[in-house]
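Structural overview
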Amino acid sequence: MAKKKVDAVLAWRDLELGMAITDPGSSAQLKTGDWRSQHPVVDHEKCIKCGLCWIYCPDMAYSPGKEGYYDWNGDYCKGCGICASECPKGVITMVMEEE
Ligand code: SF4
Ligand code: SF4
């Protein structure tokens, strides 16, 4: 990989287009799930409330909900399918987004 020498650390205003810099702790305000192509659907009849979907989701799109289930928040889900792969009961199905 070619290395690029820089003379100074750039201020955020001088960075090239395509880079995103935000303030610390801003991820809750940045809704990053609007470009996914599919989303998970949980069969709550078969869910054992183990919480592994919540633990494995890299985007914190699940959170503890009522009666031990985990609520899904589409504002942050990117549709990676990790939760469906890791669910020990196989009760999460990835469904294509409607156009
Ligand atoms: S599909 Fe990926 S981002 Fe969405 S809830 Fe599952 S693990 Fe999280
Ligand atoms: S990983 Fe599967 S079984 Fe466990 S809480 Fe999530 S949906 Fe339910």
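Overview of the structure. Quick caveat: nothing in here was measured; it's all calculated off a predicted structure.

Details of the packing of aromatic side chains
Under the definition given, this model contains one aromatic pair. Judged by centre distance (5.5 Å) and plane angle (25 degrees), the rings of Trp54 and Tyr70 are stacked. Remark: Tyr70 occurs in strand 3 (residues 70-72) and Trp54 occurs in helix 1 (residues 52-56); sequence separation between them is 16 residues. The exposure class of Tyr70 is buried, given its relative accessible area of 16%. The ring of Tyr69 carries the charged tip of Lys49 above its face, separated from the ring centre by 4.5 Å.

Criteria and thresholds
Residues numbered from 1 in each chain as written. Chains lettered and ligands numbered in written order. Predicted model: local features only at pLDDT ≥ 70, side-chain atom pairs only at ≥ 80, totals over all residues. Heavy atoms only, no water. Phe/Tyr/Trp six-rings, centres within 6.5 Å; stacked < 30°, edge-to-face > 60°. Helix = DSSP H or I, 4+ residues; strand = E, 2+ residues; numbered from the N terminus. Buried < 20%, exposed > 50% of the residue type's maximum accessible area, 1.4 Å probe, protein only. Lys NZ or Arg CZ within 6 Å of the ring centre and 35° of its normal.

Keep in mind that these numbers describe shape and distance, not what the molecule does.
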